[in-house]
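# Reading the structure
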Amino acid sequence: MPEIVHREIVIPNDTQYLSQVRSIVKEVVTEAAFPDDEANRIILAVDEAVTNIMQHAYEHDLEGNLEIELVLELDNTKFEVVIRDTGKSFDPAAIELPDLDQHIKNGKRHGLGIFLIRQIMDEVIYSYKNGIRNELKMVKYTRSPKSSQHQSGC
Amino acid sequence: MEFSTGKTDGIIVLKLGGAVRAGDNDALQDALGSDDIRKSKAVIIDLSDLEYLNSRAIGTLMSLWKETTSSGRKIHIVNPKPLVERLLKAVGMYTLVPVSRSVEDAAAALSKGE
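Presented here is an overview of the structure given in this document. Since this is a predicted model, take the numbers as computed values, not measurements. (Residues numbered from 1 in each chain as written. Chains lettered and ligands numbered in written order. Predicted model: local features only at pLDDT ≥ 70, side-chain atom pairs only at ≥ 80, totals over all residues. Heavy atoms only, no water.)

## With respect to the sheet that holds strand β1 (residues 5-12) of chain A
Residues and elements named next belong to chain A.
- Taken in spatial order, the five strands make up an open sheet running β1-β2-β3-β5-β4, and their pairing is antiparallel. Two strands lie at the open edges of the sheet, namely β1 and β4 (123-129), each paired on one side alone. Averaged over neighbouring strand pairs, the angle between their axes works out to 15° when direction is ignored.
- Two elements, β4 and strand β5 (residues 133-141), share seven bridges in a ladder whose sense is antiparallel. By the bridge assignment for β5, Glu123 is matched with Val139.
- Strand contacts of helix α1 (residues 18-29): β1, β2 (67-74) and β3 (78-85), with the helix running at about 175° to β1, the strand carrying the most contacts. (Pairing = 2+ DSSP bridges. Helix = DSSP H or I, 4+ residues; strand = E, 2+ residues; numbered from the N terminus. Axes fitted to C-alpha atoms, helices over the stretch in contact; angles between N-to-C directions. Contact = heavy atoms within 4.5 Å.)

## A few points about the interface of chain A and chain B
- Each side of the interface is counted separately: chain A has 32 residues, and chain B has 25 residues.
- With both chains or domains summed, chain A and chain B bury close to 2400 Å², and 62% of this area falls on carbon and sulfur atoms.
- Where chain A touches chain B, the interface holds one salt bridge.
- Across the salt bridge formed by Arg86(B) and Asp37(A), the nearest N and O atoms sit 3.2 Å from each other.
- Run the count over chain A and chain B and you get three residue pairs in polar contact (both at pLDDT 80 or more).
- When contributions to the side of chain A that touches chain B are tallied by element, the ones reaching two or more residues are α1, α2 (36-57), α3 (100-105) and α4 (113-120) of chain A.
- By residue class, the composition of the side of chain A that touches chain B is nine nonpolar, 14 polar and nine charged. (Buried area = accessible area lost by both parts, 1.4 Å probe. Salt bridge = Lys/Arg side-chain N within 4 Å of Asp/Glu carboxyl O. Polar contact = N/O pair within 3.5 Å; in protein donor to acceptor, adjacent residues only side chain to side chain. Nonpolar A, V, L, I, M, F, W, Y, C, P; charged D, E, K, R; others polar.)

## Considerations on helix α5 (residues 103-111) of chain B
Residue and element names in this part refer to chain B.
- Those residues of α5 not exposed but buried are Val103, Ala106, Ala109 and Leu110. Here the buried residues of α5 occupy an arc of 125° about the axis, which is enough to place them on one side. Looking at α5, the residues exposed on the side facing more than 90 degrees away from the buried face are Glu104 and Ser111.
- Tucked inside the fold, the buried residues of α5 contact β2 (11-20), β3 (42-53), β4 (74-78) and β5 (99-100). (Buried < 20%, exposed > 50% of the residue type's maximum accessible area, 1.4 Å probe, protein only. Arc of directions from axis to C-beta.)

See the structure below:
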């Protein structure tokens, strides 16, 4: 594995560009020692995070007019992605996790993305600079305790 | 995303394949909300060819489970791949929805009232 892999991408606020996000994340995480299913979960976590920004940080009428920036970095110990946008503040780390029993029993369709992100990634850190931008940093360590969770974890 | 449906003895078999991503969620919701599914006595969801699904798709499956079981009908999941299996386990669906290895096994279990 190379010592450091660094990639950056800027995409419009449009879900059709999620495939580019998944491709670049896949390109980076496959450089690491992540097993395939772990790599796929990381791709899913980044996909969910960017989808959340598109759905919550920007109003629908601004679709395509604003941009989302992703900076991905991989070293010997971890994969890290920083996602920046200039939309409304939205802190996924502050959202209360749903009571899954109630969530399922009530037949709710939404609200699982953040739960999955926090199950998959080791660190989810959000910061907001008023009037400037949102920044979401997510980290997955290559030797993560969550990697060995099979029953209740993700 | 790809999907197809079949019907045997009042049981609907819905087969999902490929990947359910942001642009596919409305189509999945429409497929799972069809009259055939609403009127069936049981639903088998064959996930053996499904590689990937996002959180909204999981929510749509949860909603189908809720609708189906609240009307006294049954639902079975068939043979999810490892990624899909882990996601469904993570959100607790495995504690609620029976999982079978094949459509035939699911149909046999349903015919026994399981």
